[in-house]
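Now for the letters of each chain:
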Amino acid sequence: MSEIGEHHGALAHHFEDLEQQRQSADLGMWIFLATEIMFFGALFAAYAVCRWMNPAGFSTGTSLLDVPLGTVNTAVLIGSSLTMVWAVQAGHRGDSRSIIRNLVGTLLLGSVFLVIKALEYSHKFHDGLVPGSLFTYGGEQAAGVEMFLCFYFVMTGLHALHMVIGFGLLVWLILLARRGRFTKEYSNPVEGVGLYWHFVDIVWIFLFPMLYLLEH
Amino acid sequence: MDETTNYRAQSVRIFLALMVLTAVTVAVSYVNLGALNLPVALLIACTKAGLVLVYFMHLKGNLRLLWIVAGSGFLFLAILITLTLSDYFTRQAVG
Amino acid sequence: MSESTAPIARPPAPTREHYLNVKYGIKSWLLTVDHKRIAILYLISITAFFFIGGAAAVLIRLDLATPAGDLVSSETYNKLFTIHGIIMVFFFLIPSIPAVLGNFLVPIMIGAKDLAFPKLNLLSWYLYMIGGSFTLWAMIAGGVDTGWTFYAPYSTTYANTHVIATALGIFVTGFSSILTGLNFMVTIHMMRAPGMTWLKMPLFIWAQYATSIIMILGTPVLAITIVLIAIERLLGVGIFDPALGGDPVLFQHLFWFYSHPAVYIMILPSMGVISEVISAFCRRAVFGYKFIAFSSLAIALLGFLVWGHHMFVSSQSPYAGMVFSLLSFLIAVPSAIKVFNWTATLYKASISYQTPILYAFGFIGLFTIGGLTGLFLATLAIDVHVHDTYFVVAHFHYIMVGGAIMGFLGGLHYWWPKMVGKLYPEAWARFSALVIFVGFNLTFFPQFLLGYLGMPRRYHVYDPEFQVLHVLSSAGASILGIGYLIPMVYFLWSLRYGKDAGPNPWDAKGLEWTIPSPPTTFNFEEPVTVGDVYDYPTEDETPPWKQGSSEGAHV
């Protein structure tokens, strides 16, 4: 292994061989994802407490969200995870063309997700269902509904921010792949971004039922 | 490339399973299960997340260390949520 | 400036190339990916923050010399203790040992050429500086008066000061801490030299590993809590406001989930330093290696289960309070295991009383006092009496100053010859260690009494009956301040005038002492051979500095 490693351009000076470098990158990404679990997790904890204290308000808030759009988005995002899996697999084969094809697919599906999300946001803004000074909801449990919508925007907003960062990473990978940087021995970045993208998917897998479906 | 075809077939199977679970969780949400609403939704979500972790993120067959890292993230989250909620759930008891 | 003067300052004789002289100029420092240079960048930055935070402490103590609080207004006083707390906690104590000594030593001690992600390491310094600048700007632009704890609803609804800007600074700095922890963990897992098995690792590395766990799993929770504070201020939603269906205690839960383990971010690395120093100056392997190693992990894990003991007198349910009280008692066990093992190592050892071990003595004594008073506070009934009094202030300063800073200074003295290749003046160093010890106790011991008598924290106007103790404390603070200035002076002095240290001035074991001081850029020129890092000779052998006229001892 180290024989190949020493002559490979992608090997950083402080690693012994490519295998050590790959495992370090993998472990680093997983540790980063563990911090991300805590990052979103703390929001879920706060959400749980607030929902416990304001069951009626949160239930009303949930019913204000658009379940069909949320369902379509869930499917779209899981689809983008599938193309990402294929991109990582192509990376292991060192097949640059397939990497690019699948990354572009991921990018497109991700864009569909964000467009639908933007549509939902604009409906909310239009209906005055936005926490803060634009909030015009006049029904029962207004404070609880506003708190729910605050969680809705913060959680989906942070999720969308992660996707936008993911877009940047995808574009970076596509550029690297076009320059032929990925080989059978070295496709760490594709793998790392793949992990990140799947994690963003997992966050949505929890956000969707907690925000859209629970007692709507 | 036999291996590749196999892998593709497997990933498509997982994708379909995730789709079915999504459909189930949406369908179930229209049935009022009372106290079971939350556990059922969580159970389905955890199953989906598990599928993504194990198959899409290749935890299966990977270093044990990565299982520990991923597991400790969820473990500490469970600690945060459990101990925090234990405060709220027992406040009523005092009156 | 350094670009033009440095080549002239270079000695004429051909000198060995090492990480400090391999390149010159500002750019070679600001764009470096060498973990040792990044450690030096951190050392300079945290020292600057330490003196800013210290200046705030001086003003606080001056103001408290009179019961009427004659020096500053109440508003200014609130801002001063907030500045002091925020700077010292987030910008000095948390990065202190990990980012300086850890950055320098983690790769070397395990036989690696660098950390796993050198660029990420540099990025984390930049994040630290950006966050720090933001916070400093907020302080200059008008300050914050919430205390370092940002308790809601004051911080969300009532405070009229720069809460969001300060919070943003802490948010950014948090990512610096996460990246450092991530880098250490990957490095320790993946980059150990052949033969450096887990149970052969230096105890300092175990401590850094345990610290990294907390940084990685705790810091994101603080980050999101800060975001929620900012959102509540901006939008007026009521997550922490009971009038709107929220709960201020929820903020305390989230805040202390990070901030209690953060205390272990500060103290665990110090414990690692103490283990190294004690074994080097007792010239024997630390007693109970495995117990010390695993108790670090136990502290990191248990540290996440005790946060509710900060909330005994809030509206937290008494049942939760009992559980948290019990768990808080449990965490005393691994801490005590460490103290017992250090003491057992010292027992009948041929100790050489160099500066680093003086700090280690200080650490053990003061940490024990801090830890035992912590047990008082973990007891529900006593906490009701002393909550939010000077008793608490004294308790955590015994841990954070008496523990963490003593460990930092001890480690800095111990590894300074390795970092810069020069010896500091031993006599001055011992003198300042003594001054710091005396000053510290004079400052904070009276605060235990003050708190027990009922003096609340964060008040600057107080009953005249408390004045004697406050004056004692202020007098101690001035001694402590001088104590901190002395090392600053002689460390700088040693850069130019210090004697050459040689590769191993303490005749200590461990990989860092097998390479030249200062090390070369890639640390190890030859393949690393790992033996026992605590392979000290038998008891009877006299260490070199005890054999009459040796280099180290001036006293």
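Residues numbered from 1 in each chain as written. Chains lettered and ligands numbered in written order. Predicted model: local features only at pLDDT ≥ 70, side-chain atom pairs only at ≥ 80, totals over all residues. Heavy atoms only, no water.

Visitor: Quick question: what am I supposed to make of the overall build of chain A here?
Guide: Secondary structure assignment for chain A yields 7 helices and 0 strands. Each helix (α) and strand (β) of chain A, taken in turn from the N terminus, gives the series α-α-α-α-α-α-α. Taking the principal axes of its C-alpha atoms as reference, chain A extends roughly 70 × 30 × 25 Å. Restricting the contact set of chain A to residue pairs at least 6 apart, pairs at least 24 apart contribute 77%. For chain A, the accessible area works out to roughly 7,700 Å², and carbon and sulfur atoms hold 62% of it. (Helix = DSSP H or I, 4+ residues; strand = E, 2+ residues; numbered from the N terminus. Contact = heavy atoms within 4.5 Å. Areas by Shrake-Rupley, 256 points an atom, 1.4 Å probe, with all protein chains shown as cover.)

Visitor: Got a minute to help me understand the overall build of chain C in this structure?
Guide: Broken down by element type, chain C carries 16 helices and 0 strands. On C-alpha atoms alone, chain C measures out to a radius of gyration of 23 Å, which is about the 24 Å that the 2.2 N^0.38 rule sets for 555 residues. In terms of overall dimensions, chain C has C-alpha extents of about 70 × 50 × 45 Å along its principal axes. Looking at chain C as a whole, 63% of its 555 residues are labelled buried. Of all intrachain contacts in chain C linking residues separated by at least 6 positions in sequence, the fraction that spans at least 24 positions is 82%. As displayed, chain C offers around 20,300 Å² of accessible surface, 70% of which is attributable to carbon and sulfur atoms. (Rg over C-alpha atoms; globule rule 2.2 N^0.38 Å. Buried < 20%, exposed > 50% of the residue type's maximum accessible area, 1.4 Å probe, protein only.)

Visitor: Hey, could you run me through helix H4 (residues 67-93) of chain A in this one?
Guide: What sets the pattern is the α-helix's 3.6 residues per turn: residues three or four places apart point alike. Residue and element names in this part refer to chain A. Relative to the 39 Å expected for 27 residues at 1.5 Å per residue, H4 spans 40 Å between its end C-alpha atoms, a close match to the ideal helical length. Of all the 27 residues making up H4, 21 are buried; the element is thus mostly covered by neighbouring parts of the structure. Among the residues of H4, the N-terminal cap falls to Asp66, whose side-chain oxygen and the backbone nitrogen of Leu69 are separated by 3.3 Å. Following H4 by one or two positions, Gly94 has its phi on the positive side, about 70°. (Expected span 1.5 Å × (residues − 1). Polar contact = N/O pair within 3.5 Å; in protein donor to acceptor, adjacent residues only side chain to side chain.)

Visitor: Can you help me understand the interface of chain B and chain A in this one?
Guide: One widely used convention gives an interface's size as the accessible area the parts lose upon coming together. Across the boundary between the two partners, chain B contributes 45 residues, which contact 43 residues of chain A. Roughly 3,900 Å² is buried in total at the junction of chain B and chain A, and carbon and sulfur atoms are behind 82% of that figure. Among the residues chain B hides against chain A, the three largest losses belong to Arg8, Phe56 and Met57 of chain B. Together they make up 14% of the total. The tally of links between chain B and chain A comes to 0 salt bridges. Between the two partners, chain B and chain A, sit 2 residue pairs in polar contact (both at pLDDT 80 or more). Counting only elements with at least two residues in the side of chain B that touches chain A, the list comes to helix H1 (2-29), helix H2 (37-56) and helix H3 (64-94) of chain B. The greatest single-element share of the side of chain B that touches chain A, amounting to 14 residues, is contributed by H3 of chain B. Considering only residue class, the side of chain B that touches chain A consists of 32 nonpolar, 11 polar and 2 charged. (Buried area = accessible area lost by both parts, 1.4 Å probe. Salt bridge = Lys/Arg side-chain N within 4 Å of Asp/Glu carboxyl O. Nonpolar A, V, L, I, M, F, W, Y, C, P; charged D, E, K, R; others polar.)

Visitor: Would you mind showing me how to read the nonpolar core here?
Guide: Nonpolar side chains tend toward joint burial in soluble globular proteins. Within the largest apolar cluster, 302 residues are counted, with the highest numbers of intra-cluster contacts made by Phe151 of chain A together with Phe90 and Leu101 of chain C. A total of 23 residues in this core trace back to one element, the largest contributor, which is helix H9 (residues 248-282) of chain C. Counting contributing residues per domain, this core is built from domain 1 (1-62) and domain 2 (63-95) of chain B, each supplying no fewer than three. Once residues within four sequence positions are removed from consideration, Phe90 of chain C is found in contact with Gly85, Pro95, Trp148, Ile170, Thr173, Leu222 and Tyr258 of chain C. (Core = buried A, V, L, I, M, F, W, Y, C linked by side-chain atoms within 4.5 Å. Domains from an automatic or database assignment.)

Visitor: Could you clarify how one ought to interpret the confidence of the model for chain C in this entry?
Guide: The share of residues in chain C with pLDDT of 70 or more is 94%, and the mean pLDDT across the chain is 92. Taken as a whole, residues 1-7 of chain C scores under 50 in pLDDT and shows 6 contacts with residues more than four places along the chain or in a different chain. (pLDDT = per-residue confidence, 0-100.)

Visitor: It is not clear to me how the interface of chain B and chain C should be interpreted in this structure. Could you clarify?
Guide: The partner chain C presents 21 residues to the 16 residues of chain B that form the contact. Counting the surface lost from both chain B and chain C, the interface buries some 1,500 Å², and carbon and sulfur atoms represent 78% of this. Run the count over chain B and chain C and you get 1 salt bridge.

Visitor: Even after reading the chapter, I still don't get the packing of helix H15 (residues 426-453) of chain C against helix H16 (residues 467-497) of chain C, so can you show me in this structure?
Guide: The packing of two helices is summarised by the inter-axis angle and the distance between the axes. Residues and elements named next belong to chain C. Across the interface, H15 lies against H16 with an axial gap of 7 Å and an inter-helix angle of 155°. It follows from the interaxial angle that H15 and H16 lie roughly antiparallel. Pair H15 / H16 crosses with left-handed handedness. When its residues are assigned to classes, the contact of H15 with H16 shows 22 nonpolar, 8 polar and no charged. (Axes fitted to C-alpha atoms, helices over the stretch in contact; angles between N-to-C directions. Parallel < 35°, antiparallel > 145°, perpendicular 65-115°, else oblique. Left-handed = near helix turned anticlockwise from the far one by under 90°.)

Visitor: What am I meant to see in the packing of helix H12 (residues 355-378) of chain C against H15 of chain C here?
Guide: Residues and elements named next belong to chain C. Running from amino to carboxyl end, H12 crosses H15 at an angle of 10°, the nearest separation of the two axes being 9 Å. In terms of axis orientation, H12 runs roughly parallel to H15. On H15, the residues that touch Thr355, Leu358, Tyr359, Gly362, Leu366, Ile369 and Thr373 of H12 are Glu426, Ala429, Arg430, Ser432, Ala433, Ile436, Phe437, Phe440, Asn441 and Phe448. Its residues placed into classes, the contact of H12 with H15 shows 10 nonpolar, 5 polar and 2 charged.

Visitor: How should I be thinking about the side chain of Thr443 of chain C in this particular structure?
Guide: Tracing the backbone through its elements, the reader meets Thr443 of chain C in helix H15. When near neighbours in sequence (up to four residues on either side) are disregarded, Thr443 of chain C contacts Ser473, Gly476, Ala477 and Leu480 of chain C.

Visitor: What exactly am I supposed to notice about the packing of aromatic side chains here?
Guide: Any pair of aromatic rings gets described here by the distance separating the centres and the angle formed by the planes. All names here are of chain A. Summed over all chains, the structure comprises 70 aromatic pairs over all chains. Between Phe113 and Trp204 the ring centres are 5.0 Å apart and the planes differ by 90°, which places this aromatic pair in the edge-to-face class. Residue Phe113 is found in helix H5 (residues 96-126), and its partner Trp204 is found in helix H7 (residues 188-213); the two are separated by 91 residues along the sequence. Assigned by exposure class, Phe113 and Trp204 land together as buried. Seen from their ring centres, Tyr121 and Phe153 are 5.0 Å apart, and the 40° between their planes marks the pair as tilted. Of this pair, Tyr121 sits in helix H5 while Phe153 sits in helix H6 (residues 142-178); the two residues are 32 residues apart in sequence, bridging distant segments of the chain. (Phe/Tyr/Trp six-rings, centres within 6.5 Å; stacked < 30°, edge-to-face > 60°.)

Visitor: Looking at this structure, I do not really get the pattern of salt bridges. What am I missing?
Guide: Where side chains of opposite charge bring their charged atoms close, a pairing between them can arise. As enumerated under the stated definition, the model contains 11 salt bridges over all chains in all. Across the salt bridge formed by Arg91 of chain B and Asp247 of chain C, the nearest N and O atoms sit 3.1 Å from each other. Placement of Arg91 of chain B in helix H3 and of Asp247 of chain C in the loop between helix H8 (203-235) and H9 is noted, with the two residues assigned to different chains. This pair shows no difference in class: Arg91 of chain B is buried, exactly as Asp247 of chain C is. Each of Glu19, Arg22 and Glu191 of chain A takes part in one network of salt bridges that share partners.

Visitor: It is not clear to me how a nonpolar patch on the surface should be interpreted in this structure. Could you clarify?
Guide: There is a patch of nonpolar side chains on the surface, built from Val58, Leu59, Leu62 and Leu71 of chain C and spanning about 350 Å² of accessible area. As for its position among the elements, Val58 of chain C is in helix H3 (residues 35-63). (Patch = residues over 30% accessible without salt bridge, like charges linked within 9 Å, V, L, I, M, F, W, Y side chains within 5 Å.)

Visitor: In this structure, what is going on with the environment of Leu199 of chain C? I would like to understand it.
Guide: All names here are of chain C. Note on placement: Leu199 falls in the loop between helix H7 (163-190) and H8. Along the primary structure Leu199 and Tyr289 are separated by 90 residues, whereas in three dimensions their C-alpha atoms are 8.5 Å apart. Sequence-distant contacts of Leu199, defined by excluding residues within four places in its chain, comprise Trp206, Tyr289, Lys290 and Phe294.

Visitor: When you look at unusual backbone geometry in this model, what are you seeing that I'm missing?
Guide: Residues and elements named next belong to chain C. A cis amide bond links Ala152 with the next residue in sequence, Pro153, at an omega value of 0°. Structurally, the position occupied by Pro153 is in the loop between helix H5 (118-140) and helix H6 (154-158). In the segment running from Ser517 into Pro518, the intervening peptide bond is cis, with an omega of -15°. Looking at where Pro518 falls in the secondary structure, it is placed in the segment after H16. Of note in the backbone geometry, Arg283 takes a positive phi value of approximately 55° without being a glycine.

Visitor: I'm lost on the confidence of the model for chain A in this one. Help?
Guide: Parts of the model with low pLDDT should not have their predicted coordinates read in detail. Across chain A, the average pLDDT comes to 93, with 96% of residues at or above 70. In this model, residues 1-6 of chain A is a region of pLDDT below 50 whose contacts with residues beyond four sequence positions or in other chains number 9 contacts.

Visitor: Help me understand the environment of Ser80 of chain A, please; the structure alone is not making it clear to me.
Guide: Residue and element names in this part refer to chain A. Along the chain, the position of Ser80 falls in helix H4. The exposure class of Ser80 is buried, given its relative accessible area of 0%. Considering only alpha carbons, one finds Ser80 and Leu109, 29 residues apart in sequence, at a separation of 5.4 Å. Among residues more than four places away in sequence, those in contact with Ser80 are Thr106, Leu109, Gly110 and Trp197. For Ser80, the side chain forms a polar contact with the main-chain oxygen of Leu77, separated by 2.7 Å.

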